[in-house]
Every structure is written in structure tokens, then in C-alpha cells.
Amino acid sequence: MTTRMEDGRFTTTEGTLHVSKPFRSRSTKKVRAMITFEPRKTHFDTTNEASGTNEFRGFFTLFWMSLFLFTVQTYVSSVEANGYALTFAFATMFSRHAVTLALSDLLLVSTTILCVPFAKAISKGWISYYWTGAILQHVFQTCVLFITVTWTFHRQWPWVQSGFLTLHSLVMIMKMYSYISVNGYLQSISRRSNDVLAELNRATACIGGLEQALRDATSKRAQAQAASAETPVTDVISTSPMETCTPDAEGVLLKSYTDVKTAAALRQRLAAISNGSDENTESEHGPVNGSGCGSNVEVASVLSYHPDELVAGLAKEFLDLDSELVSAGPEQVRWPDNVTYRNFAVYQLIPTLVYELEYPRTDRIRPTYIFEKTIAFMGSFALLYTVVECFIIPLTPTPDQSFFRSLLDLALPFMIAFLLLFYIIFECICNGFAELSYFADRLFYEDWWNSTSWEEFSRKWNKPVHSFLLRHVYASTRASYGLSRTTAMFVTFFLSAMAHELVMAIVTKKIRMYLFLMQLVQIPLILVSRAPVIQRNKLMGNVVFWVGLYAGFPLLCVAYVAY
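Predicted, not measured: the structure shown is a model, and the values here were computed from it.

This part is about the overall build of the protein. Counting secondary structure elements, the protein contains 21 helices and nine strands. In the protein, which comprises 563 residues, the share counted as buried stands at 44%. Across the protein, the fraction of contacts at a sequence separation of at least 24, relative to all contacts at a separation of at least 6, is 71%. Surface accessibility of the protein: about 29,400 Å² in total, with carbon and sulfur atoms responsible for 65%.

One way to put it is that helix H4 (residues 98–111) packs onto helix H6 (residues 129–155) with a least axis distance of 12 Å and a crossing angle of 175°. Regarding the angle of H4 to H6, the classification is roughly antiparallel. Packed against H4, whose contacting residues are Thr100, Ser104, Leu108 and Thr111, the element H6 presents Phe140, Val144, Thr148, Trp151 and Arg155 at the interface. Looking at the contact of H4 with H6, its residues break down into four nonpolar, four polar and one charged.

What follows concerns the pattern of salt bridges. Pairing is possible between side chains that carry opposite charge, provided their charged atoms lie close to one another. In total, this model carries 14 salt bridges according to the counting rule given. The salt bridge partner of aspartate 322 is arginine 334, with a shortest N-O separation of 3.1 Å. One end of the pair, aspartate 322, is in helix H12 (residues 309–324); the other, arginine 334, is in the loop between H12 and helix H13 (341–349), and 12 residues separate them in sequence. One exposure class covers both aspartate 322 and arginine 334, and it is buried. Three or more residues joined by partner-sharing salt bridges are found here, namely Asp45, Lys373 and Glu427.

As a further point, take the packing of aromatic side chains. A complete count under the given rule lists 45 aromatic pairs for this structure. Ring centres of phenylalanine 60 and tryptophan 64 lie 6.2 Å apart, and the angle between their planes is 80°; this geometry places the pair in the edge-to-face category. Placement of both phenylalanine 60 and tryptophan 64 in helix H2 (residues 57–82) is noted, with a separation of four residues, approximately one turn of the helix. Relative accessible area serves as the criterion here: at 28%, phenylalanine 60 is assigned to the partly exposed category. Between tyrosine 347 and tyrosine 355, the aromatic rings sit 5.0 Å apart at their centres with planes inclined by 85°, giving edge-to-face as the arrangement. In terms of burial, tyrosine 347 and tyrosine 355 fall into one category: buried. A cation sits over an aromatic face here: arginine 366 above tyrosine 369, 4.3 Å from the ring centre. One residue, lysine 509, lies across the ring of phenylalanine 153, its end atom 5.9 Å from the ring centre.

All right, on to the environment of valine 144 then. Within the element layout of this structure, valine 144 appears in helix H6. Taking relative accessible area as the criterion, valine 144 reaches 10% and is therefore assigned buried. For the pair formed by valine 144 and serine 169, sequence separation is 25 residues and the distance between their alpha carbons is 7.7 Å. Setting aside residues no more than four positions away along its own chain, valine 144 makes contact with Leu108, Ile173 and Met176.

Another aspect to go through is the nonpolar core. Ranked by internal contacts, the top residues of the largest apolar core, which has 66 residues, are Tyr179, Ile180, Leu186, Leu303, Phe444, Trp448 and Leu549. Take this core: its biggest share by element is 14 residues, from helix H7 (residues 159–205). Apart from the residues within four sequence positions on either side, tryptophan 448 is in contact with Phe418, Leu419, Phe422, Phe457, Lys460, Trp461, Phe545, Trp546 and Leu549. Core analysis: the next-biggest nonpolar cluster, separate from the first, contains 21 residues, Leu86, Ala91, Leu384 and Leu410 among them.

Moving on to the environment of threonine 100. By secondary structure assignment, the location of threonine 100 is in helix H4. Taking relative accessible area as the criterion, threonine 100 reaches 24% and is therefore assigned partly exposed. Between the C-alpha atoms of threonine 100 and arginine 155, which are 55 residues apart in sequence, the distance is 9.4 Å.

Taking 1.5 Å per residue, 26 residues should reach 38 Å; helix H14 (residues 367–392) reaches 36 Å between its end C-alpha atoms and fits that length. Buried within H14 we find Tyr369, Lys373, Ser380, Leu383, Leu384, Tyr385, Thr386, Val387, Val388, Glu389 and Ile392. Buried positions along H14 lie against H2, helix H3 (89–94) and helix H15 (403–436).

Moving on: unusual backbone geometry. A cis amide bond links tyrosine 130 with the next residue in sequence, tryptophan 131, at an omega value of 10°. Its location among the elements puts tryptophan 131 in helix H6. Cis geometry is adopted by the peptide bond preceding proline 336, which originates at tryptophan 335 and carries an omega value of 10°. With respect to the secondary-structure elements, proline 336 resides in the loop between H12 and H13.

Right, let's get into the confidence of the model for the protein. Close inspection of predicted coordinates is inappropriate in any region flagged by low pLDDT. When pLDDT is averaged along the protein, the result is 81, and 82% of the positions lie at 70 or above. Mean pLDDT in the protein bottoms out at strand S9 (residues 253–257), which sits at 33, and peaks at helix H5 (residues 115–123), which reaches 96. Low pLDDT, under 50, characterises residues 12–35; the predicted model gives this stretch 68 contacts beyond four residues in sequence or across chains. Below pLDDT 50 for its whole length, residues 233–263 participates in 57 contacts with residues either more than four positions away or in separate chains.

End to end, helix H18 (residues 485–508) covers 34 Å across 24 residues, agreeing with the expected 34 Å (1.5 Å per residue, within 8%). Ala488, Met489, Thr492, Phe493, Ser496, Ala497, Glu501, Val503, Ala505 and Ile506 are the residues of H18 that are buried. Of the surrounding secondary structure, the elements contacted by the buried residues of H18 are H6, H7, helix H16 (454–460), helix H17 (463–481), helix H19 (514–529) and helix H21 (538–562).

Our focus in this paragraph is the environment of isoleucine 429. Of note, isoleucine 429 is situated in helix H15. Look at isoleucine 429 and you get partly exposed, because its relative accessible area is 34%. Between the C-alpha atom of isoleucine 429 and that of lysine 373, which follows or precedes it by 56 residues, the distance is 7.6 Å. Beyond its immediate sequence surroundings of up to four residues, isoleucine 429 is in contact with Phe377 and Ile424.

A few words now on the side chain of histidine 306. Here histidine 306 shows up in the loop between helix H11 (296–303) and H12. Look past the residues within four positions of histidine 306 in its chain and what remains in contact with it is Ile207, Ala213, Asp216, Ala217, Val311 and Ala312.

Across the interface, helix H8 (residues 210–227) lies against H11 with an axial gap of 8 Å and an inter-helix angle of 55°. One finds that H8 runs oblique with respect to H11. Contacts between H8 and H11 involve Leu210, Ala213, Leu214, Ala217, Thr218 and Arg221 from the first element and Val299, Val302 and Leu303 from the second. Among the residues making up the contact of H8 with H11, the classes are represented as seven nonpolar, one polar and one charged.

Thresholds, definitions, all that
- Residues numbered from 1 in each chain as written.
- Predicted model: local features only at pLDDT ≥ 70, side-chain atom pairs only at ≥ 80, totals over all residues.
- Heavy atoms only, no water.
- Helix = DSSP H or I, 4+ residues; strand = E, 2+ residues; numbered from the N terminus.
- Buried < 20%, exposed > 50% of the residue type's maximum accessible area, 1.4 Å probe, protein only.
- Contact = heavy atoms within 4.5 Å.
- Areas by Shrake-Rupley, 256 points an atom, 1.4 Å probe, with all protein chains shown as cover.
- Axes fitted to C-alpha atoms, helices over the stretch in contact; angles between N-to-C directions.
- Parallel < 35°, antiparallel > 145°, perpendicular 65-115°, else oblique.
- Nonpolar A, V, L, I, M, F, W, Y, C, P; charged D, E, K, R; others polar.
- Salt bridge = Lys/Arg side-chain N within 4 Å of Asp/Glu carboxyl O.
- Phe/Tyr/Trp six-rings, centres within 6.5 Å; stacked < 30°, edge-to-face > 60°.
- Lys NZ or Arg CZ within 6 Å of the ring centre and 35° of its normal.
- Core = buried A, V, L, I, M, F, W, Y, C linked by side-chain atoms within 4.5 Å.
- Expected span 1.5 Å × (residues − 1).
- pLDDT = per-residue confidence, 0-100.

Right, dumping it as C-alpha cells:
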């Protein structure tokens, strides 16, 4: 159930949704729609009140108890047969070169700090992001990936170390890309807002100057208020003949002054911007506080009521542009004030791949919560280790084994390993880092286990990566190149499939393209699943999804290892 509130928000069962108007810049042709939620919690978080009242919550407890008993049984059987519970051969393998791996990863993370001076150069106008900055960004990120892959092959690490460093390098590249691209986009918005402000100054000069334009706009607004006097108005409040409150494009109350002294000050500011002076830019564009002399935003908010369509249109466009440069949260962070080393360090800690000027935050760090997630991580990892060492490694397929018997032997162990790895990453690690970084929006996954198609699964099971691909690949290609939904979806799946195949090639030291082809096959399956006859049968769709997931993991293992 979704309900639209008076201030434009939408209340849903998962929280309150804030959706700003999509904006298309006439200079960059980019589209950016900001969608953020109020603070949320993951489904399996013990502090999630909604999950605590779910009628299936007992099955969650049953799953862990059953897995614990299964592990104890495995240890007892191993002790009776071999004299020990575990051989720890797998631990010996993935602990090799631990120091070298740690130093390599530290160097990888340290290189991301170069994004800050690069973003500063963009914010100061030394580099134009479109397209010089974008080209430099892609060259740098390509070099990072190439060096990481080359170093991994040179070290001849086992598959655990190779897979970890490759995956972490992809995560860092996505974080860097989002940080630079968002700041580059805001540079274009800032430049366009200055251009529009200059056009607005010229337009007001043609109709008698700024003072006359302000008087005409105020008069037009007063007429509109008088016409609707019978209807209660709560967001436009007249406080005095010389001072009125006007809602801007985002519904924020702004005080506007029409006396001669203030109008002269406003005219000087407007003229300074139009003449290319960027002195005191931060003070001119600071957050509106409704006191003292008006700002450019206040001027535009008044002129948006002007009877002249050109003046009113330019004023509204400026308000739209300016709203893009300010975060929607309580801190009201304005670009480029966000381009600092501290802001980037916090962004690196936050478990998200999409950069924003401001995120929803918590007010404190709960030590007991960190302790809980640490214990959950250690326990889940112990279970995962047991499954891998006892039920996956001993059954590693070989070319002379039966293909279908290998699938049967590995299907259940791989599924349990996948569920445990999913829980470790998205429930323990992501929530732990979110707590340490005061990050409040913790919807790292949705109910993917109820998926009825691969499209729904890819959208729900890994929300950080999905959000990145949605904004920076799917939406970006549609806005920049005018691609259709189907074509943009193909480009998104193609890029994702290439990244997955790269990881498999590094881990197995083979180039087989099995995973790449399996991911691309999902596209026609997604189109078929959209048929009404299939969408109506949710149970059948969910069964097909689970059968595919059960078969997919062992199929990949057999294909890459044995063939």
C-alpha cells in the first residue's frame, strides 16, 4: 500500500520514499532521479521489528539449529572415522601469503584517495568532467584493474586469495566511479545554473530591471493568493506587507523582501554571477535561512511567479538546477563542500556503491550490536568452512566422473554454502560497517527467496550492486545514448556478465565463458517471464527459480573444474 503525502513523499510498508523530480540538463543531457528511503533494517536483523512479528520467524531459528546439529554430527562422524574433526587443509590453503595479500589490499584501498584531489580539480573548474575528466577517470580505473589482475596472476595465489582481491578491486572501482561521476555531474549542473542565472539577469533587464521584475512577480503572486483565499493555504504564509514566505521548487519556505535596499543588493549579486565572478560563491549559494538579505534562490523563487513566461521559466529552471546541488537530508550539504578527505573516508566505510551528498545517519554506535554481528560472522564462517572442507572439496569433480552424479553430490552443499556466504556478507559484514559508519539505510537485500524470475532475483539479492548498475549503467545509457529499455538491459547484463567471467577466469586460471553465457541467457528468460500467463502462476515461477539456483552452482563448478 502506497500513500502520497501532502509534502510529496510516499509512505510504504517499508518506510517513507522521497523522490525528487527527474532533471535533464540542457547542456549535459543527463537524467538524474534521486530515490532514497528513510532508515531501514535488513530482514534477518534481530532489531528489525517487522521481522520479529513475521509468522515464519520460527523457521529462521529452525534453520540455524538444524545446521548446528548437522555440523556437530559431521564432527562426531569425522572423529570416529579419522580421529579428528577437521583436517584444516582448506585453512592452510587460504591462509597462505596472508601478509602479502593484506598489503596488496591495503595498497589498493589507498589508491582510491586519489579521487579526492581529482574531484577538487573538477570542482574548481581546472578539469571539465565532460569529457576530459570522464576519459581520465576510465583510464585510471582500467589501470587499477589491469595491475590488480596482473599482480594476482604473477603471485599464483590459490583461488580464495585471487577471488578476494579481484572482487575487492571491482568494488573499489565501482565506488571510485560513482564518486567521480556524481561530482562531475554536479559540476555540469553548477555551470548550467550560473548560465541560467546570467540569462535570468538579461531577461529581467529587458523588462525594466530586477526591482521592477520583483514587484511584478510579487503582485502576480498576491493576485494568485487572493484568488484562492477561500481555500486554506498552509505552505504560503504572509507575514508582513514587505515580507512574504514563498515555497521554492522543493516546498521549502523562503522569505522574500521587496524593499528597495534589499532589491539593490539582490541585483548586485545577480549581476556579479552573470559577469562570471565566482567570488563569494559559497555564501551566495548557501542554504536559505529566511533571514537577512535574500539569496539567488530567494530571487528566483519570487521571479518564478513573474507574468512573463521567459522570466518565470528561467527562474524555475534555476531552482531545479540549484536543488540538485544540495542534499535532501538535514545537513543540507551543498556541492562542492562535500569534496573533502573526511567525506570520502566516510563514503569508503559506508557499505554502498552509489555516492550521495548525504546519507541517512544513525545517532550512535551500539557496541552490543557490533558484538552480535561479530559473533554471527564467526559462527557462520565456521559453518561455511565445515561445509566447504567436508562436502565440497572432497567431491571436486574430475573429467572421468559422471556429470550428473557430480551435480547431484554438489547441489545441496553448494546451496548451503551460498546461503551462508550471503548471510555473512549482507547481514554480518554490511550491517557491521553500516553501524560503524552511522549508515541508517540498511536494505542490502530484499526477499529474493520469493523470486519468481531471474530478473526479480538480480534486483533483490544484492542491492548495492543493483543500485550501482541501475544508476550508472542502465539509466546512464538510456539518458546519454537514448537506448531502449531492452537494449539498456542487455548492456547492463553484458557488463555484469563480463565482470563475473573475469573473476571466474582469475580464480580457475581458465577462459571458458560458461558463466558469461549463462548470464546472457537470462535476458530471453526474463522477457519470457514477463508473459501474463507466467506472471499469474507465482508458485511455478518460484519453483523454476529455485531449481535453476540449485542446478546453477554445481553446474558451474563441474564445467570450470572438470572441463
